[in-house]
Amino acid sequence: MKKIIKKRLIKLSFLSDKLWKEQMHSYCNIKKFNAKTKFANLVDVKNILCEFNLDYWLIGGTLLGFYRSGKFIKWDWDIDIDVCETDLLPIYDEVRNRFIDCGFISRGSSGHQKTKLNLIRNGERTTVRGLFFEDSIEPSSKYILSAVDRYPKRFFNSSVYETIKFKDVEFRVPSPV
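Every chain's residues receive numbers from 1 upward, in the order its sequence appears when written. Reporting in this predicted model follows two pLDDT cut-offs: at least 70 for local features of residues, and 80 or more for side-chain atom pairs to be given and counted; totals over whole chains, interfaces and linings ignore these cut-offs and use all residues. To get the side-chain values, take all heavy atoms of the structure and skip hydrogens and water.

A.B. asks: An account of the packing of aromatic side chains is requested, with residue identities and associated values reported.
C.D. replies: Classification of ring pairs uses Phe, Tyr and Trp, with its six-membered ring standing for Trp, and accepts pairs whose centres are within 6.5 Å; under 30 degrees between planes counts as stacked, over 60 as edge-to-face, and the remaining range as tilted. Applying the stated criterion across every chain yields a total of eight aromatic pairs. A centroid spacing of 5.4 Å and a plane angle of 70 degrees characterise the contact between F39 and F166, whose relative ring orientation is edge-to-face. One end of the pair, F39, is in helix α3 (residues 35-51); the other, F166, is in strand β8 (residues 162-166), and 127 residues separate them in sequence. Burial classes: relative accessible area under 20% of the type maximum marks a residue as buried, over 50% as exposed, and values in between as partly exposed (1.4 Å probe, protein chains only). Overall, F39 belongs to the buried group, its relative accessible area being 15%. Judged by its relative accessible area of 5%, F166 falls in the buried class. A centroid spacing of 6.2 Å and a plane angle of 50 degrees characterise the contact between F66 and F171, whose relative ring orientation is tilted. A residue pair is termed long-range when its members are at least 10 positions apart, and F66 in helix α4 (residues 60-69) and F171 in strand β9 (residues 169-173) qualify at 105 residues. For F66, a relative accessible area of 5% corresponds to the buried category. Taking relative accessible area as the criterion, F171 reaches 0% and is therefore assigned buried. Think of it this way: any DSSP run of H or I at least four residues long counts as a helix, any run of E at least two long counts as a strand, and we number them from the N terminus.

See below:
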């Protein structure tokens, strides 16, 4: 990647929230849908997460679209991926920089119960959220949480993966789907 482009990606990745909100529309196509670009971004995000040995799961509208109709939902404006927060936090900066090296604008936040990466490349957005165990709040809980969702823990057992195939590429999903 050219040095000038990388400098621009770094600058956009670390802009203040106020400045980002003013410029975001120039980089995110929430009105247009490009399935090829979305798929290329998804494969690259998956490969980077695997490169760092991070467990990940497709969730939300991405999982629903793949499971129900075998394609992206046209009105779903981002790709939804969850990872285990305790695995991501120690290497958060390294992972974020790797996304930037691969051409993504990488906006994010890190810290217990608020870890998130918003990745933008070629107008399409991917959201990687950190899941954390409710045990820290309520021992013996049967749930795993993100900043906004609550799931049964049993769906995210990292010893048994279920996958879904999309365009001959396998992606991890909560099990059982």
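Next comes the rest of the write-up.
A.B. asks: Help me get a handle on α4, residues and values and all.
C.D. replies: Those residues of α4 lying buried are G61, T62, L63, G65 and F66. Throughout, a residue-residue contact means that at least one pair of heavy atoms, one from each residue, lies within 4.5 Å. Against α3, β1 (56-58), β2 (78-84), β8 and β9 lie the buried residues of α4. Residue G70 follows α4 closely and has a positive phi angle near 75 degrees.

A.B. asks: Any details on unusual backbone geometry? Residues and values, ideally.
C.D. replies: Not every positive phi belongs to a glycine, and N122 is a case in point at roughly 50 degrees. Secondary-structure assignment places N122 in the loop between β4 (116-121) and β5 (124-133). Phi is positive for D168, which is not a glycine, with a value near 65 degrees. With respect to the helices and strands, the residue D168 is situated in the loop between β8 and β9. Using a relative accessible area of 69% as the deciding quantity, one classes D168 as exposed.

A.B. asks: I'd love a proper account of the pattern of salt bridges, names of residues and values included.
C.D. replies: Counted as salt bridges are all cases of a side-chain nitrogen of Lys or Arg within 4 Å of a carboxyl oxygen of Asp or Glu. Taken as a whole and judged by the stated rule, the model has six salt bridges. Residues E51 and R98 are paired through a salt bridge, measuring 2.8 Å at the closest nitrogen-oxygen approach. Placement of the pair is E51 in helix α3 and R98 in helix α6 (residues 92-101), with a sequence separation of 47 residues. Residue classification places R98 among the partly exposed positions, given a relative accessible area of 26%.

A.B. asks: Help me get a handle on the pairing of β5, residues and values and all.
C.D. replies: Most of β5 sits out of view: nine of its ten residues are buried. Relative to β5, β2 is paired through seven bridges, and the arrangement is parallel. Following the sheet pairing, D80 is matched in β5 by T127. Two strands pair under a simple rule: DSSP has to find at least two bridges between them. Sheet topology places β4 next to β5; six bridges connect them, and they run antiparallel.

Function cannot be inferred from these measures alone, as they are strictly geometric.
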